[in-house]
Amino acid sequence: MAPSKPIATAAGTLRHRLTTTLRLRGGGEGPSRWTTPGHQDRPNGYFLNRTPPPPGQSRKWEDWELPCYITSFLTIVILGVGLNAKPDLTIETWAHQKALERLQAQGIVGSGSGSDESE
């Protein structure tokens, strides 16, 4: 039973380290390493620690919100229109057009109507 002694020692060391870590990270009383004196110790459960307004009242917008929302909306609109209107510059499209030009020069393909007029 000699191997059980090192395992018990390692388990005790690990348990000691974990309990001290939990104590320092909010598991016990006393100062926390994530807060400073004069600030709220624990979150109150609200987004950005802001209490909601009383019933019947709406939240007052901050001065940065309206320009940010307008700029974001206009960016989405400009990108949506601009990316849909961009020309098709892929190598496949260019090669297809060149192949059609060569076939028309050889007289194999008609004027590009897509239907077979010889039948």
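Here, residues in each chain are numbered from 1, in the same order as that chain's written sequence. Totals for whole chains, interfaces and linings use all residues, but because this is a predicted model, local features are given only for residues with pLDDT of at least 70 and pairs of side-chain atoms are given and counted only at 80 or more. Excluded from the side-chain calculations are hydrogens and water; all other atoms, namely the structure's heavy atoms, are used.

Draft legend 1. Structural detail: the overall build of the protein. In terms of helices and strands, the protein carries 3 helices and 0 strands. Runs of E in the DSSP output that reach at least two residues are strands. Runs of H or I that reach at least four are helices, and both are numbered from the N terminus. Sequence-ordered secondary structure for the protein, helices as α and strands as β, is α-α-α. Residue exposure (1.4 Å probe, protein chains only): buried if accessible area is under 20% of the type maximum, exposed if over 50%, otherwise partly exposed. In the protein, which comprises 119 residues, the proportion classed as buried is 2%. Looking at the protein as shown, the accessible area adds up to about 11300 Å², and 62% of this sits on carbon and sulfur atoms. Surface accessibility in these figures is a Shrake-Rupley result with a 1.4 Å probe; residues are shielded only by whichever protein chains are displayed.

Draft legend 2. Looking closely at the layout of surface pockets. Estimates place the volume of the largest pocket at around 190 Å³. Put plainly, a pocket is an open set of points on a 1 Å grid over the protein atoms alone with protein on both sides within 12 Å along at least five of seven lines, a cavity is a set where a 1.4 Å probe fits but cannot get out, and a lining residue has an atom within 4 Å of a point. Surrounding the largest pocket, F47, L48, R50, T51, P52, P53, R59, E62, W64 and E65 form its lining. Note on residue classes: Ala, Val, Leu, Ile, Met, Phe, Trp, Tyr, Cys and Pro are nonpolar, Asp, Glu, Lys and Arg are charged, and everything else, Gly too, is polar. Partitioning the lining of the largest pocket into residue classes produces 5 nonpolar, 1 polar and 4 charged. Grid points are joined across faces, edges and corners, and a volume is the space filled by probe spheres set on the points.

Draft legend 3. Quick peek at the pattern of salt bridges. We define a salt bridge as a contact between a side-chain nitrogen of Lys or Arg and a carboxyl oxygen of Asp or Glu at a distance within 4 Å. Per the stated rule, a full pass over the model turns up 2 salt bridges. With its nearest N and O atoms 3.0 Å apart, the salt bridge here joins R59 to E65. Overall, the relative accessible area of 4% leaves E65 in the buried class. One salt bridge connects K98 with E101, and the closest N-O pair in it is separated by 3.7 Å. With a gap of 3 residues between them, K98 and E101 both fall in helix α3 (residues 91-106), about one helical turn apart.

Draft legend 4. Expanded view of a nonpolar patch on the surface. The grouping of W61, L66, Y69, I70, F73, L74, V77, I78 and V81 at the surface amounts to a nonpolar patch, some 920 Å² of accessible area in total. Mapped onto the elements, F73 comes out in helix α2 (residues 65-85). Patch definition: residues with relative accessible area over 30% and no salt bridge; like charges joined within 9 Å; nonpolar side chains (Val, Leu, Ile, Met, Phe, Trp, Tyr) joined within 5 Å.

Draft legend 5. Summary view of the side chain of E65. Assignment of secondary structure puts E65 in helix α2. Throughout this description, a polar contact denotes any pair of N or O atoms lying within 3.5 Å of each other; where both atoms belong to protein, one of them has to be capable of donating a hydrogen while the other can accept it, and for residues adjacent in sequence the pair is counted only when both atoms sit in side chains. From its side chain, E65 meets the backbone nitrogen of E62 in a polar contact 2.7 Å long. Throughout, a residue-residue contact means that at least one pair of heavy atoms, one from each residue, lies within 4.5 Å. Once residues within four sequence positions are removed from consideration, E65 is found in contact with R59 and K60.

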